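Here are the chains, one letter per residue:
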Amino acid sequence: MSGIVFSDAQIAALVTEQKPPIEPSIFIPTLAKLRHLRADVEVEGGAGSNFRVIVRQREDHPLDFSVILGYQIPESSRLFRLRRLNGLSHQHTNPIEQETFYAYHVHEATERYQALPGRSEEHYAVPTDAYVDLRGAIEHMLDTAGFDPPTQLRMSRL
Amino acid sequence: MSANGSAADALSRAVGAAVELRPSARDEQQVLAPFRFPDGDHFVIYLRDLPDGRYELSDGGHTYMHMSYAMDVDALQSGPRAALLEGALSNFGVEDREGELASVTDEDSLGASFLEYVQALIQVSDLRYTTREQVRSTFLDDFRRTFEEAFGERAQFDYHDAERDPKGEYPVDCLVNGSSRPAAVFAIPGNDRCKDATITVMQLRAWERPVFTVGVFEAQEDVNSRVLARFSNPADKTFAYLSGQEDYVTEYIRGILP
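Residues numbered from 1 in each chain as written. Chains lettered and ligands numbered in written order. Predicted model: local features only at pLDDT ≥ 70, side-chain atom pairs only at ≥ 80, totals over all residues. Heavy atoms only, no water.

*Asks:* Would you mind showing me how to read the packing of aromatic side chains here?
*Replies:* When we look at a pair of aromatic rings, we describe it by the centre distance and by the angle of the planes. For the coordinates displayed, the defined rule picks out 16 aromatic pairs over all chains. The interplanar angle of 65° and the centroid separation of 5.6 Å between the aromatic rings of Phe6(A) and Tyr71(A) together place this pair among those described as edge-to-face. Residue Phe6(A) is located in the segment before α1 (8-16), and its partner Tyr71(A) is located in strand β4 (residues 61-72); the two are separated by 65 residues in the primary sequence. For the pair Phe6(A) and Tyr71(A), a shared accessibility class is recorded, and that class is buried. Relative to Phe147(B), the ring of Phe143(B) lies with its centre 4.6 Å away and its plane at 35°, an arrangement referred to as tilted. Here Phe143(B) and its partner Phe147(B) are both found in helix α5 (residues 138-151), four residues apart, which amounts to about one turn of the helix. With relative accessibility at 3%, the residue Phe143(B) sits in the buried group. (Phe/Tyr/Trp six-rings, centres within 6.5 Å; stacked < 30°, edge-to-face > 60°. Helix = DSSP H or I, 4+ residues; strand = E, 2+ residues; numbered from the N terminus. Buried < 20%, exposed > 50% of the residue type's maximum accessible area, 1.4 Å probe, protein only.)

*Asks:* In this structure, what is going on with the pairing of strand β7 (residues 99-102) of chain A? I would like to understand it.
*Replies:* In regular strands, side chains alternate between the two faces of the sheet. Residue and element names in this part refer to chain A. Pairing analysis gives four bridges linking strand β6 (residues 91-94) to β7, with the strands arranged antiparallel. Bridge assignment links His92 to a residue of β7, and that residue is Phe101. The hairpin turn running from β6 into β7, its antiparallel successor, is four residues long, and Gln98 in that turn takes a positive phi close to 55°. (Pairing = 2+ DSSP bridges.)

*Asks:* How should the side chain of Arg81(A) be read in this particular structure?
*Replies:* You can see Arg81(A) is positioned in strand β5 (residues 79-86). Given the relative accessible area of 10%, Arg81(A) is considered buried. For Arg81(A), the contacting residues outside a window of four places in its chain are Ile68(A), Leu69(A), Gly70(A), Ala109(A), Ser120(A), Glu121(A), Glu122(A), Tyr69(B) and Ala70(B). (Contact = heavy atoms within 4.5 Å.)

*Asks:* I keep staring at the nonpolar core and nothing clicks. Help me out?
*Replies:* Considering soluble globular proteins, one finds that nonpolar side chains tend to be buried as a cluster. Counting residues in hydrophobic clusters, the biggest one holds 31 residues, and the most contacted among them are Phe27(A), Val53(A), Val67(A), Leu82(A), Met141(A) and Phe147(A). Mapped by element, the contributors of at least two residues to this core are α1, β2 (36-44), β3 (50-58), β4, β5 and α3 (134-144) of chain A. Among the elements that take part in this core, α3(A) stands out by supplying five residues, more than any other. By size, the runner-up hydrophobic cluster in this structure holds 27 residues, among which are Ala33(B), Phe37(B), Tyr64(B) and Leu121(B). (Core = buried A, V, L, I, M, F, W, Y, C linked by side-chain atoms within 4.5 Å.)

*Asks:* Hey, could you run me through unusual backbone geometry in this one?
*Replies:* Negative phi is the rule for most residues except glycine; trans is the rule for most peptide bonds. Phi angles above zero are rare outside glycine, and Arg35(A) is one such case at about 70°. Judged by its relative accessible area of 32%, Arg35(A) falls in the partly exposed class. Phi is positive for Glu208(B), close to 55°, though the residue is something other than glycine. Counting through the fold element by element, Glu208(B) comes out in the loop between α6 (191-206) and β10 (212-217).

*Asks:* Whenever I open this one, the interface of chain B and chain A confuses me. Can you help?
*Replies:* One frequent convention defines the size of an interface as the accessible area lost when the parts assemble. At the interface, 37 residues of chain B touch 39 residues of chain A. Buried area between chain B and chain A, both sides added, is near 3100 Å², and the carbon and sulfur share of it is 47%. Counting the contacts that link chain B with chain A gives five salt bridges. A salt bridge links Lys33(A) to Asp74(B); the nearest nitrogen and oxygen atoms lie 2.9 Å apart. (Buried area = accessible area lost by both parts, 1.4 Å probe. Salt bridge = Lys/Arg side-chain N within 4 Å of Asp/Glu carboxyl O.)

*Asks:* Any chance you could explain the side chain of Thr110(A) here in plain terms?
*Replies:* Residues and elements named next belong to chain A. Its location among the elements puts Thr110 in the loop between β8 (105-108) and α2 (111-114). In terms of polar contacts, Thr110 uses its side chain to reach the backbone amide nitrogen of Tyr113, at 3.3 Å. Those residues in contact with Thr110 that sit more than four places away from it in its chain are Asp8, Ile11, Glu121 and Tyr124. (Polar contact = N/O pair within 3.5 Å; in protein donor to acceptor, adjacent residues only side chain to side chain.)

*Asks:* Is there a simple way to explain helix α4 (residues 110-126) of chain B in this structure?
*Replies:* Because each turn of an α-helix spans 3.6 residues, side chains separated by three or four positions in sequence point in the same direction. Residues and elements named next belong to chain B. Its 17 residues place the ends of α4 24 Å apart at the C-alpha level, agreeing with the 24 Å of an ideal helix rising 1.5 Å per residue. Taken together, the buried positions of α4 are Ser113, Phe114, Tyr117, Val118, Ala120, Leu121, Val124 and Ser125. Relative to the axis of α4, the buried residues are bounded by an arc of 160° and lie together on one face. (Expected span 1.5 Å × (residues − 1). Arc of directions from axis to C-beta.)

*Asks:* Could you clarify how one ought to interpret the packing of α6(B) against helix α7 (residues 225-232) of chain B in this entry?
*Replies:* Each pair of packed helices gets described by two things: the angle between the helix axes and the distance between those axes. Residues and elements named next belong to chain B. Their axes nearest at 9 Å, the elements α6 and α7 cross at an angle of 25°. Here α7 runs roughly parallel to α6, going by the angle between their axes. Here α6 and α7 pass one another in a crossing that is left-handed. On α7, the residues that touch Asn191, Cys194, Lys195, Ala197, Thr198 and Val201 of α6 are Val227, Leu228, Arg230 and Phe231. (Axes fitted to C-alpha atoms, helices over the stretch in contact; angles between N-to-C directions. Parallel < 35°, antiparallel > 145°, perpendicular 65-115°, else oblique. Left-handed = near helix turned anticlockwise from the far one by under 90°.)

Set out below in structure tokens:
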């Protein structure tokens, strides 16, 4: 959490790097621990980058969830969190923009927050109405983060 | 009223105004307050009415879930971190109900209990940083627990070659057996251990032992570059960190074992 690891342009390139088609159901968390459900899925990008999708959902609160797209930095064990799609369960504050909201929101890694000491790379978040549940958030991530649509879905859209 | 009294009133009003209640469920409201994680997300806190007239503060299990985005929260259940966690909770009268952090209070103590509850959440949340700087001793504990869980009886800790090295002068932190070419894994918290691991790797090479040598660093950037280079050259694979990447490390090793 110190110093700029990736520029905004590099972050955008990693987010949009082509990724293989994956059925959304693969990401539905089923492993129950400490009152939440977990799923962790490794994904290899078209350019050879290694990504990990981390999904969490509280057992007693279906709207308290996170869908995270992380990039595995080569020759390191560090996972750089590119995107995080959150449900409707808590407030979020962007200190640079001086705004606080209670809404579904999407965290995005940014250069400017990496430059702030003690901040997570994906600190910045924007409210969204692109989804209203975990399944919708997973599909939104697949639609916006370079994943090829699964063949069945593609055919059904023809 | 004195000037000090006015200041106290102003502070009391300002602090009170910073806290709001949002209806959540029957007999439960969410407390919206400015306390937050390092990523800008606010703590999740509920205030529940109990049948006996008291109140309960609860996070509904959110805190551990949030911490799991960046660390292995299972590591909080054992070893030095478990002791730190227990201290953070017991100091503020907070219970861990299998993942839900909760505190019961009454109306007279509600304000003080709320502030103590928040303090407990902050201390628990900060345990993620013990993975690096604050508690060096957890690294070796984490390493052992990670490999025990991942490989069970295949993981042989503090291994040495009984035939060629009966005195144990060339120890391997963990030998992962189960194939003709096992993995010799070294846990490396600093320069001294890195030098020792280098000597052992070189000796294994001299003996022509068919092993895949792996170095797992607590924080690779903290190791002197020359010391690191001497290890990295003969070693087959290095991992810059263990913390938060336990599954990645163990899956890699599982993958290289035939």
